[in-house]
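Notes for the structure review
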Amino acid sequence: MKDAKPTIEQFRKYQAAYDYFNATLFGGCLRPCLLVFREGKRKVNGIVLGHFAPHRWSKGDEHCHEISLNPEALNVDFEDTMSTLVHEMVHQWQQDHAKPPRGGYHDRQWAKKMGEIGLIASDSGEPGGKQTGQRMHHYIERGGPFAVAFKKMPKSVRLPWVTGSVLCTAKEAPEQESKPRNKIKYTCPKCEANVWGKTGLAILCGDCDERFKEQD
C-alpha cells in the first residue's frame, strides 16, 4: 500500500515473510510469535543480526515467543536478512517441537535442522566452521531448500524500509550484480574469531574487548 504508515507497512511485510517461510520450510508448524526489531552488540561486523527469546510476551494466560532482527541486518543482501529470520525460526522450532538446549547454546539438533532447511551452521559464517557453540552464524547452501524458497519468494513480501541513507540490495539492483563484493577478513587477536567486511572497518570483539585486525 503506497500510502500506508511506515509501521503498518513494515510489520505487515515482516509478518508475511515469517508466514511464507513457516509454510515453505516448516510445514506451518510454528505458532505465531511477536516479531520485533532490536539492536544487538556483537556477531557479524560487531553486531547481533537476530535473536530468539522464548516466552518473552504474555497476555493473561497466553504467552508467545519473540523473534527480533537487528535494524542493521536490513542493510545487507536481502537473502542474508531472510536467512537470519529463518535461523531464528529454527530456534523457535526447537523450542516447541524438539528439545531446546540451555539458553543461547546452539547444539547438534539445532545444527541438523538448519542443514535440513538449507542453512549450514558455522561459527565463522563460512564453510569449515564449527557447527555448535554459544555464538553461531551460518551460510546458505546453494540449491538447498532455503535458497529455492527465497528464489520463489513473492516480491510483495520484501521489507520496504531499511535503516540509514540510500540503500539497496543486489537482488533489487541488477546493475550492481556484476560488481564483486570486496570483503576482507578480520580476526580477533585474542579469541581468533573471524568476520568479513570492507576494508578500513573498526570492529571491536564483544567477548574480548579487542580490536579485530585486518588480514591480508
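Shown above is the structure to which this text applies.
Residues numbered from 1 in each chain as written. Predicted model: local features only at pLDDT ≥ 70, side-chain atom pairs only at ≥ 80, totals over all residues. Heavy atoms only, no water.

1. Side note on helix α3 (residues 108-116)
- Those residues of α3 not exposed but buried are Trp110, Ala111, Lys113 and Met114. Within α3, the buried residues cover an arc of 160° as seen down the axis, which keeps them to one side. When the buried face of α3 is taken as reference, the exposed residues oriented beyond 90 degrees from it are Arg108 and Lys112.
- Among the structural elements, α2 (78-97), β4 (119-122) and β5 (137-140) are those in contact with the buried residues of α3.
- Of the residues flanking the start of α3, the one acting as N-cap is Asp107, its side-chain oxygen 3.3 Å from the backbone nitrogen of Gln109. (Buried < 20%, exposed > 50% of the residue type's maximum accessible area, 1.4 Å probe, protein only. Helix = DSSP H or I, 4+ residues; strand = E, 2+ residues; numbered from the N terminus. Arc of directions from axis to C-beta. Contact = heavy atoms within 4.5 Å. Polar contact = N/O pair within 3.5 Å; in protein donor to acceptor, adjacent residues only side chain to side chain.)

2. Points about the packing of α2 against α3
- At a minimum axis distance of 10 Å, the contact between α2 and α3 shows a crossing angle of 125°. Classified by the interaxial angle, the pair formed by α2 and α3 is oblique. Crossing of α2 against α3: the hand is right-handed. Contacts from His87, Val90, His91, Trp93 and Gln94 of α2 reach α3 at Gln109, Trp110, Lys113 and Met114. (Axes fitted to C-alpha atoms, helices over the stretch in contact; angles between N-to-C directions. Parallel < 35°, antiparallel > 145°, perpendicular 65-115°, else oblique. Left-handed = near helix turned anticlockwise from the far one by under 90°.)

3. Thoughts on the nonpolar core
- Within the largest apolar cluster, 36 residues are counted, with the highest numbers of intra-cluster contacts made by Phe21, Phe26, Met82, Val86, Met89, Phe146 and Met153.
- Those elements giving two or more residues to this core turn out to be α1 (6-25), β3 (62-69), α2, α3, β4 and α4 (145-151).
- Broken down by element, this core gets its largest block of residues, seven residues, from α2.
- Excluding residues within four positions of it along the chain, Met89 makes contact with Tyr18, Phe21, Asn22, Phe26, Leu30 and Ile67. (Core = buried A, V, L, I, M, F, W, Y, C linked by side-chain atoms within 4.5 Å.)

4. Comments concerning the packing of aromatic side chains
- A full pass over the atoms with the stated rule returns seven aromatic pairs.
- Ring geometry for Phe11 versus Tyr14: centroids 5.9 Å apart, planes at 40°, classification tilted. A residue pair is termed a helical-turn pair when its members lie 3 or 4 positions apart in one helix, as Phe11 and Tyr14 do in helix α1 at three residues.
- The class of Tyr14 is buried, set by a relative accessible area of 1%.
- Seen from their ring centres, Phe21 and Phe146 are 5.5 Å apart, and the 25° between their planes marks the pair as stacked. Here Phe146 lies in helix α4 and Phe21 lies in helix α1, a separation of 125 residues in the sequence. Pair check on accessibility: Phe21 and Phe146 agree, each one buried.
- An aromatic cluster is present here, built from Tyr20, Phe21, Phe78, Phe146 and Phe150 joined pairwise through their rings.
- Here Lys113 stacks its cationic end above the ring of Trp93, 4.7 Å away from the centre of that ring. (Phe/Tyr/Trp six-rings, centres within 6.5 Å; stacked < 30°, edge-to-face > 60°. Lys NZ or Arg CZ within 6 Å of the ring centre and 35° of its normal.)

5. Here's the deal with the state of the cysteines
- Tallied over the entire structure, the rule returns zero disulfides.
- Free of any disulfide, Cys33 has its nearest neighbouring cysteine sulfur in Cys64, separated by 6.9 Å. (Disulfide = S-S within 2.5 Å.)

6. A word on the side chain of Ser68
- In this structure, Ser68 sits in strand β3.
- Residues within four places of Ser68 in sequence aside, it is in contact with Tyr14, Val36, Arg38, Leu49, Gly50 and His51.

7. Thoughts on the packing of α1 against α2
- For the pair α1 and α2, interaxial distance at closest approach is 11 Å and the crossing angle is 60°. By the angle class used here, α1 and α2 are oblique. Where α1 crosses over α2, the two elements pack in a sense that is right-handed. Taken together, the residues of α2 that come into contact with α1 (itself represented by Tyr14, Ala17, Tyr18, Phe21, Asn22 and Leu25) are Met82, Leu85, Val86, Met89 and Gln92.
- When grouped by side-chain class, the residues that make up the contact of α1 with α2 number nine nonpolar, two polar and no charged. (Nonpolar A, V, L, I, M, F, W, Y, C, P; charged D, E, K, R; others polar.)

8. Quick word on the pattern of salt bridges
- By the definition in use, this model includes five salt bridges.
- With a closest N to O distance of 3.4 Å, Arg31 and Asp96 form a salt bridge. Of this pair, Arg31 sits in the loop between α1 and β1 (34-37) while Asp96 sits in helix α2, and the two are 65 residues apart along the sequence.
- Accessibility expressed as a relative area gives 26% for Asp96, which makes it partly exposed.
- Here Arg38 and Glu66 are joined by a salt bridge, their closest N and O atoms 2.8 Å apart. (Salt bridge = Lys/Arg side-chain N within 4 Å of Asp/Glu carboxyl O.)

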